[in-house]
Amino acid sequence: MMHSAESQNLKDGEVSTGTTIIAIPFQGGVVVGADSRTSTGSYVAVRTSDKIACLSDHIYACRSGSAADTQALTDYIRYYLQQLKIETGRPARVKSAAHLLQKLVYQNKDNLSAGMIVAGWDPVEGPAIYSIALGGTCLKVPFAFSGSGSLYITGLLDSEFRENMSKEEARALVKKALAHAMARDGSSGGIIRTVAITAEGNDRDYTSELPYGPVSY
């Protein structure tokens with residue numbers, strides 16, 4: 001039996017998945033973005049899924065890997081952060097959310113498929129971005145991107161990212177990078193969802209007409 005390149009390393013009964021998620025900081029906040037395609041091998045299961053989960057008032061997580069695993073994890077973290085806010089009387093920090101998620105991923109690394117980005121704003125650090133890889137490695141990073149489509153946009157983001165962008169510039173870069181990834185990666189697609197997170201509030205939007213499309217031949 002022939003196996004495709006994307007499925008040859010999978011376990012029996014396991015199917016390949018794919019996505020593209022990004023977080024870019026700007027002056028006073030962070031923009032997170034994701035595509036909306038949920039794939040099951042070569043089959044598109046959902047075209048308009050929401051891969052950006054709200055964990056707390058100013059903290060969001062971008063999900064890649066198993067949809068079921070990452071939805072369960074974000075539900076746990078949302079509950080923990082609500083309890084933490086009640087007990088301490090203070091809003092949760094981005095760092096706290098990231099390390100809680102890292103602990104769950106690491107302790108269940110043999111059973112979960114979850115690579116995630118936690119980003120947001122808090123009064124201590126201001127804008128902050130943490131990348132949590134498969135297996136539970138957690139790193140604070142200047143900007144983050146992950147998922148199967150991230151391979152196609154590494155050079156683009158390295159070239160165009162810069163410190164202290166405006167919210168509009170950061171959101172435009174997120175949309176441009178996601179559109180490029182969605183044009184090249186068969187497991188990324190649908191629409192682009194973004195959320196701009198600041199101390200004043202969160203601004204969510206979606207884009208169905210992509211700013212970049214595949215080259216026609």
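Parameters at a glance
Residues numbered from 1 in each chain as written. Predicted model: local features only at pLDDT ≥ 70, side-chain atom pairs only at ≥ 80, totals over all residues. Heavy atoms only, no water. UniProt positions renumbered as here; feature names shortened; annotations may be inferred. Pairing = 2+ DSSP bridges. Helix = DSSP H or I, 4+ residues; strand = E, 2+ residues; numbered from the N terminus. Axes fitted to C-alpha atoms, helices over the stretch in contact; angles between N-to-C directions. Parallel < 35°, antiparallel > 145°, perpendicular 65-115°, else oblique. Left-handed = near helix turned anticlockwise from the far one by under 90°. Contact = heavy atoms within 4.5 Å. Buried < 20%, exposed > 50% of the residue type's maximum accessible area, 1.4 Å probe, protein only. Polar contact = N/O pair within 3.5 Å; in protein donor to acceptor, adjacent residues only side chain to side chain. Expected span 1.5 Å × (residues − 1).

An unreviewed UniProt entry lists the protein under the name Proteasome subunit beta, from Fistulifera solaris. Per UniProt, the protein carries the Catalytic activity (unreviewed entry) text "Cleavage of peptide bonds with very broad specificity."

Let's talk about the sheet that holds strand β12 (residues 202–207)
Read from one edge of the open sheet, five strands run β10-β1-β2-β11-β12, paired in antiparallel fashion. Where the open sheet ends on each side, the last strands, each with one partner, are β10 (144–146) and β12. On average, adjacent strands in this sheet sit at an angle of 15° to one another, irrespective of strand direction. When strand β11 (residues 192–198) meets β12, the two strands line up antiparallel, connected through six bridges. By the bridge assignment for β12, A196 is matched with D203.

Quick word on the packing of helix α1 (residues 67–88) against helix α2 (residues 94–107)
In contact at an axis separation of 10 Å, α1 and α2 are set at 135° when each is read in the N-to-C sense. Relative to α2, the element α1 lies oblique. Seen from above, α1 lies across α2 with right-handed handedness. Across from L73, Y76, I77, Y80, L81 and L84 in α1, the residues of α2 making contact are S96, A97, L100, L101, L104 and V105.

Brief notes about the pairing of strand β8 (residues 126–132)
Where burial is concerned, most of β8 is hidden: five out of the seven residues are buried. Turn length for the strand β7 (residues 114–122)-β8 hairpin, with the two strands adjacent in sequence and antiparallel, is three residues. As judged from the three bridges shared by β8 and strand β9 (residues 138–140), these two strands associate in the antiparallel manner. Its bridge partner lying in β9, S131 is registered against L139. The turn joining β8 and β9, which pair antiparallel and follow one another in sequence, is formed by five residues; a positive phi near 100° is taken by G135.

Notes on the UniProt feature "active site" (unreviewed entry) in the protein
The residues that UniProt annotates with the feature "active site" (unreviewed entry) are T19. Position of T19 among the secondary structure elements: in the segment before β1 (21–26). Its relative accessible area of 3% is what places T19 among the buried residues. Aside from chain neighbours lying at most four places away, what touches T19 is D35, K51, R63, S64, S146, G147, S148, G149, D185, S187 and S188. Here D35 takes part through its side chain, which lies 2.8 Å from a polar atom of the side chain of T19.

A look at the sheet that holds strand β6 (residues 59–65)
Taken together, the five strands give an open sheet; going across it, the order is β5-β6-β7-β8-β9, and neighbouring strands pair in antiparallel fashion. For this open sheet the edge positions go to β5 (52–56) and β9, each flanked by a neighbour on one side alone. When strand polarity is set aside, the average angle formed by the axes of neighbouring strands in this sheet is 25°. The sheet contact formed by β5 and β6 spans four bridges and is antiparallel. Bridge pairing links A53 to A61 in β6. Against the sheet, α2 makes contact with β5, β6, β7, β8 and β9, and its axis sits at roughly 165° relative to β7, the strand it touches most.

Comments concerning helix α4 (residues 167–184)
With 18 residues, α4 extends 26 Å from end C-alpha to end C-alpha; this agrees with the ideal 26 Å at 1.5 Å per step. Listing the buried residues of α4 in full gives A170, R171, L173, V174, K175, A177, L178, A179, A181 and M182. Looking at the buried positions of α4, the neighbouring elements they touch are β1, β2 (29–34), α3 (154–160), β11 and β12.

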